[in-house]
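These are the residues of each chain, in order.
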Amino acid sequence: MSAVGSNAASTVTVALLFPDLLGTYGDSGNAVILARRLAWRGFDARLVTVRSGDPVPETCEVYVVGGGEDLPQALAARQLGSRRGGPLRKAVDGGAAVLAVCAGLQILGSSFVGPDGVEADGLALLDCTTRRGAGPRAVGEIVVNPESELGLPALTGYENHAGVTTVGPDSRPLGRVVRGVGNGDGSGTDGVRSGRVIGTYLHGPVLARNPALADLILSTVVGDLEPVDDSESEELRRERLMAGNSTASGRRGRRFIAGLRR
Ligand code: GLN
């Protein structure tokens, strides 16, 4: 992929937060995807990996927080600050974009459940609360039709979580679940978004599976992006859209495909 000269002077830094705590199901790959897609457009893209215990920078343009088990989730939350302040809130107030997956999404909400089963404060960068669901864990392939104003095609991912998330009035869901569980609160939605902060239950990594979502996040910080050749990831996306779909053939299968946002 050739770099485009006009963006060469612009440095964009993507911070990958605590991959040693939060990095299940390839979530750290989301940061790589963001940096590569910037570099393909000629940006001077830098990827900063922030490990547990390292100071969290406040001046990066994009932050990526992945998923993880309950204990590392609580440890990560403690290092990110609180609803009253801290490095991630400062960065978001300064215009940074954030992608948060699963445990990351829960931490960015108002509250989540810690490893001891007790409610813990989140960063309140998203208006949502997460409780522990009464049913079995949500595990498996998930397909989501994003809200139409986002202009995105259907998203595919993999989910594995016990948390059930309810979106409050100051945020919007990412989209409606076509297959799988997502937020799991009975609303039929997945994800939470507020300004440049997007949370979702989709692992994958979600941005490798859904490059249009990567470009949407990037465009909020660098403006419109020229298209790149996504034919290979499109093939993967199509294959994943059908994966695990028991109605893959026949009339029901065609109805399933017809219901997906293009
Ligand atoms: N510990 C959280 C839950 O089970 C998040 C899991 C994850 O990030 N995969 O809900």
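Coordinates for the structure precede this section.
Because the structure is a prediction, the values reported are computed rather than measured.

**Student:** Help me get a handle on the overall build of the chain, residues and values and all.
**Tutor:** The helix and strand inventory of the chain stands at eight helices and 14 strands. Computed over its C-alpha atoms, the radius of gyration of the chain comes to 18 Å, within 12% of the 18 Å expected for a compact globule of 262 residues. Structurally, the chain occupies a C-alpha span of about 55 × 50 × 30 Å along its principal axes. Counting every atom, the chain has about 11400 Å² of accessible surface; 49% of that belongs to carbon and sulfur. For the chain, the separation between the mean place of its 28 positive charges and that of its 29 negative charges on side chains is 6 Å.

**Student:** Describe the sheet that holds strand β14 (residues 197-200), and please don't skip the residues or the numbers.
**Tutor:** Ordered by their spatial adjacency, six strands build an open sheet running β2-β1-β3-β4-β14-β13, and the pairing between neighbours is mixed. The open sheet terminates on both sides in strands that have one partner only, identified here as β2 (44-50) and β13 (192-194). For this sheet, the mean inter-axis angle between neighbouring strands, taken without regard to orientation, is 10°. With four bridges connecting them, strand β1 (residues 11-17) and strand β3 (residues 62-65) associate as parallel partners. Pairing of leucine 17 across the sheet is with valine 65, part of β3. Strands in contact with helix α6 (residues 211-222) are β1, β3, β4 (97-101) and β14; relative to β4, the strand with the most contacts, it is inclined by about 155°.

**Student:** Give me the side chain of asparagine 145: which residues, what numbers.
**Tutor:** You can see asparagine 145 is positioned in strand β8 (residues 138-146). The class of asparagine 145 is buried, set by a relative accessible area of 13%. A distance of 2.6 Å separates a polar side-chain atom of asparagine 145 from the backbone nitrogen of arginine 261. Once you skip the residues sitting within four places of it in the chain, asparagine 145 turns out to touch Ala154, Gly175, Arg176, Val178, Gly259, Leu260 and Arg261.

**Student:** Kindly report on the pairing of β2, identifying the contributing residues and their values.
**Tutor:** The pairing of β1 with β2 spans seven bridges and is classified as parallel. The residue of β2 that forms the bridge with leucine 16 is threonine 49. This β-α-β element, β1 to helix α1 (residues 29-40) to β2, shows right-handed connectivity.

How each quantity is defined
Residues numbered from 1 in each chain as written. Predicted model: local features only at pLDDT ≥ 70, side-chain atom pairs only at ≥ 80, totals over all residues. Heavy atoms only, no water. Helix = DSSP H or I, 4+ residues; strand = E, 2+ residues; numbered from the N terminus. Rg over C-alpha atoms; globule rule 2.2 N^0.38 Å. Areas by Shrake-Rupley, 256 points an atom, 1.4 Å probe, with all protein chains shown as cover. Lys, Arg positive; Asp, Glu negative; His and termini not counted. Charge placed at Lys NZ, Arg CZ, Asp CG, Glu CD. Pairing = 2+ DSSP bridges. Axes fitted to C-alpha atoms, helices over the stretch in contact; angles between N-to-C directions. Contact = heavy atoms within 4.5 Å. Buried < 20%, exposed > 50% of the residue type's maximum accessible area, 1.4 Å probe, protein only. Polar contact = N/O pair within 3.5 Å; in protein donor to acceptor, adjacent residues only side chain to side chain. Right-handed = clockwise from strand over helix to strand, strands pointing away.

Keep in mind these values describe shape, not function.
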